[in-house]
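Structural characterization, general
So you can see what is in the structure, the chains are spelled out below.
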Amino acid sequence: MNYQIPKGTQDILPGESERWQYIEQKARQLCERYNYREIRTPMFEQTELFARGVGDTTDIVQKEMYTFKDHGGRSITLRPEGTAAVVRSYVENKMHGWAEQPQKLYYTGPMFRYERPQSGRMRQFVQFGIEAIGCEDPAIDVEVMALAMDFYREFGLNNVKLVINSLGDQSSRKAHRDALVRHFEPSIDEFCSDCKERLETNPLRILDCKQDSDHPLMADAPSILDYLNDESREYFETVKSQLDSLGIPYEVDPGLVRGLDYYNSTAFEIMLEGEGFGAISTLSGGGRYNGLVEDIGGPQAPGIGFALSIERLLMALDAQGIELPIEHKLDAYVVVMGDVAKQKAVQVVHHLRKDGYRVEMDYLNKKMKGQFKAADRLGASYTIVIGEDEVNAGTVNVKNMHSGEQKTVGFEEISNTIESSL
RNA sequence: GCGGCUGUGGCGAAGUCGGUUAACGCACCGGAUUGUGGCUCCGGCACUCGUGGGUUCGAAUCCCAUCAGUCGCCCCA
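Conventions used here
Residues numbered from 1 in each chain as written. Chains lettered and ligands numbered in written order. Predicted model: local features only at pLDDT ≥ 70, side-chain atom pairs only at ≥ 80, totals over all residues. Heavy atoms only, no water. Phe/Tyr/Trp six-rings, centres within 6.5 Å; stacked < 30°, edge-to-face > 60°. Helix = DSSP H or I, 4+ residues; strand = E, 2+ residues; numbered from the N terminus. Buried < 20%, exposed > 50% of the residue type's maximum accessible area, 1.4 Å probe, protein only. Expected span 1.5 Å × (residues − 1). Arc of directions from axis to C-beta. Near = heavy atom within 4 Å. Polar contact = N/O pair within 3.5 Å; in protein donor to acceptor, adjacent residues only side chain to side chain. UniProt positions renumbered as here; feature names shortened; annotations may be inferred. Contact = heavy atoms within 4.5 Å. Pairing = 2+ DSSP bridges. Axes fitted to C-alpha atoms, helices over the stretch in contact; angles between N-to-C directions. Domains from an automatic or database assignment. Parallel < 35°, antiparallel > 145°, perpendicular 65-115°, else oblique. Left-handed = near helix turned anticlockwise from the far one by under 90°. Nonpolar A, V, L, I, M, F, W, Y, C, P; charged D, E, K, R; others polar. Core = buried A, V, L, I, M, F, W, Y, C linked by side-chain atoms within 4.5 Å. Salt bridge = Lys/Arg side-chain N within 4 Å of Asp/Glu carboxyl O.

Some words on the packing of aromatic side chains
In the structure shown here, the tally under the stated rule is 10 aromatic pairs. Arranged with centres 5.4 Å apart and planes meeting at 35°, the rings of F128 and F151 form a pair that is tilted. With F128 in strand 6 (residues 124-133) and F151 in helix 5 (residues 138-154), this pair connects stretches of sequence that are 23 residues apart. Arranged with centres 5.1 Å apart and planes meeting at 75°, the rings of F151 and F155 form a pair that is edge-to-face. As far as the burial class goes, F151 and F155 line up, both buried.

Describing helix 9 (residues 230-245)
Look at helix 9: 22 Å from first C-alpha to last across 16 residues, which is about the 22 Å you get at 1.5 Å a residue. Residues S232, Y235, F236, V239, K240 and L243 constitute the buried set of helix 9. What you see down the axis of helix 9 is that its buried residues fit within an arc of 130°, all on one side. Opposite the buried face of helix 9, by more than 90 degrees, sit the exposed residues D230, E231, E234 and S245.

Quick look at the protein's contact with RNA strand B
Close contacts around RNA strand B come from 46 residues, with R113, R121, R258, R377 and M401 the closest. Restricting the count to atoms of RNA strand B within 4 Å of the protein gives a sugar and phosphate share of 55%. In this structure, a sugar or linking oxygen belonging to RNA strand B sits 3.0 Å away from a side-chain N or O atom of Q127. A distance of 2.7 Å separates a phosphate oxygen of RNA strand B from a polar atom in the side chain of K367. Looking at the surface near RNA strand B element by element, the count peaks at 6 residues for helix 13 (residues 368-377).

Brief notes about the UniProt feature "binding site: L-histidine" (unreviewed entry) in chain A
The positions that UniProt labels "binding site: L-histidine" (unreviewed entry) are, in the present scheme, E81, G82, T83, R113, Q127, E131, R258, Y262 and Y263. Relative accessible area serves as the criterion here: at 0%, E131 is assigned to the buried category. If near-sequence neighbours (up to four positions away) are discounted, E131 is found in contact with Y36, T83, V86, Q103, K104, L105, Y107, Y289, I304 and G305. Its place among the elements puts R258 in the loop between strand 8 (251-252) and strand 9 (264-272). Contacts of R258, omitting those with residues within four sequence positions, involve Y263, A267, F268, E269, G285 and G286.

Structural notes on the sheet that holds strand 12 (residues 332-336)
Spatially, the 5 strands line up as an open sheet ordered 13-12-14-15-16, and their pairing is mixed. If you trace the sheet from one side to the other, it starts and ends with strand 13 (359-361) and strand 16 (406-410), each paired once. Geometrically, the sheet is characterised by an average inter-axis angle of 25° between neighbouring strands, direction not taken into account. Together, strand 12, strand 13 and strand 14 (382-386) form the strand contacts of helix 12 (residues 339-354), whose direction differs from that of strand 13 by roughly 165°. Contacts from helix 13 reach strand 12, strand 14 and strand 15 (395-400), with the element oriented near 175° to strand 12.

Quick notes on the domain arrangement of chain A
You can read the domains of chain A as domain 1 (17-169 + 229-319) and domain 2 (332-419). Computed from C-alpha atoms alone, the centre-to-centre distance between domain 1 and domain 2 is 50 Å.

Some words on the packing of helix 5 against helix 9
Look at helix 5 against helix 9: their axes get within 9 Å of each other, and the N-to-C directions meet at 45°. Of the possible angle classes, the one that applies to helix 5 and helix 9 is oblique. As helix 5 packs across helix 9, the resulting crossing turns out to be right-handed. The residues of helix 9 that touch helix 5, namely those facing P138, A139, D141, V142 and M145, are Y235, T238, V239, Q242 and L243. Residues belonging to the contact of helix 5 with helix 9 are distributed by class as follows: 7 nonpolar, 2 polar and 1 charged.

Brief notes about the nonpolar core
Grouped together as the largest cluster of nonpolar side chains are 49 residues, with contacts concentrated most on Y36, F128 and F151. Counting residues per element, the ones that place at least two in this core are helix 1 (17-33), strand 6, helix 5, strand 7 (160-166), helix 9, strand 9, strand 11 (303-309) and helix 11 (310-319). Sorting elements by how many residues they give to this core places helix 5 first, with 10 residues. Excluding residues that lie within four positions of it along the chain, F128 makes contacts with A27, C31, Y106, Y107, T108, L147, F151, F306, A307, L308 and I310. Residues A84, M218, Y263 and L292 belong to the second largest nonpolar core, which totals 46 residues.

So, the pattern of salt bridges
With the rule as written, the count across this model stands at 21 salt bridges. The salt bridge partner of R28 is E38, with a shortest N-O separation of 3.0 Å. Pair noted here: R28 is in helix 1 and E38 is in strand 1 (residues 37-38), with a separation of 10 residues, a long-range link. One salt bridge in this structure joins K104 and E143, with 2.9 Å as the shortest N-O distance. Here K104 is found in strand 5 (residues 103-112), whereas its partner E143 is found in helix 5, with 39 residues between them in sequence. Of the residues examined, K104 reaches a relative accessible area of 15% and is grouped as buried.

A few points about the pairing of strand 4 (residues 75-78)
Successive side chains on a regular strand alternate, one facing one side of the sheet and the next facing the other. For strand 2 (residues 44-46) and strand 4, the ladder comprises 3 bridges, and the chain directions are antiparallel. Bridge assignment links F44 to a residue of strand 4, and that residue is L78.

What follows is the structure, encoded as structure tokens:
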């Protein structure tokens, strides 16, 4: 039997895992600066949480959830996204009562969606996301977008584009929805079957349909921006002017519709323009979810957040040929000749590691040449040769692999010799 | 759920109008260089050609099935 990794998952091996660590570390540092604190929630939740939170009409809930019964007969679902779980935790732990408001939280970890994998789309993928719950102020919307854009700037990614829209509040959405139905209903027979259904369930999504995108009714379909009431419009204007004042460029796309039901008001995506990135261009997405906390049984508490995929960031970095500054070079490699020397070498290695150096030695009884090759391949700054002669003399031979220079020093001087030369 | 492409040593791959010993490169091991790496040269190890069946004197090559990977559609991070 050959065991194989499940479809749509990946092993992250040494060489690659360092890139993940680097990115995660940058994300944490960024959150610290913006004063977001980490929250860790389980990787699975009651199925009902996602059905209610994400929305019954979404593709995620209808066909992409990993759902199973546990031994107690409960329906469990592997989390397909982060927000619903964070909001559940916020409500359950009564974080609305904590002194610090709004609650500014971040998370990172695997999400699961049952889909056909392709470039930039895995069944298990890792998201980093933030949520700011407990206030509705354009400044926090802008903060979330600024953090998201800052994140990509950390890595020197080019051609990153912020696209924003407003989905309006409840009354704006209702007016827009009615207008959409009036617009499409007379000719709905000319549209695809999905769109016919969308007319009933969520007419906004018709605008997002790729199949019918050329239909003449699409071009002059009512724009949400024309149906925003005064409050919603003013809110959106403030968001835009604050983005302007921070010098964050953006594009308004009235067709930007997010895929999850809980979004309203400010919505945004970060896209990557340019070649070499497959069919996927969305790096991250987010928006405001006023009303979600109440839906999940909490108090009235507006929120906003965003999530990004680490996989897609890595793809984007690769597409642009950006290397992360990752060092995993050895300080020293201990070359051993003979059994007597080996005992001594084990001690030397141990002490150097205690002194804080990154040190390796040979465990395969290779010949000297092979050991030097290994040292070279591992990028060791120094090799420390220990043979019988050295053991007898109480010394070792320290070689600077860069200059080729060698010197003989006593056991106690090894650390200092290395340090003074570094 | 639907469609395209791919599957040959540890890795990357040539070979695919069927024909004897399945190239080449990288890696690895040994030697030139008895205790000193990177460069060079010489030699060596290693492939059930994804799996199962079929056609044929003969199959990596053709046919069927199956599994896996990958890319795309839908949708999304």
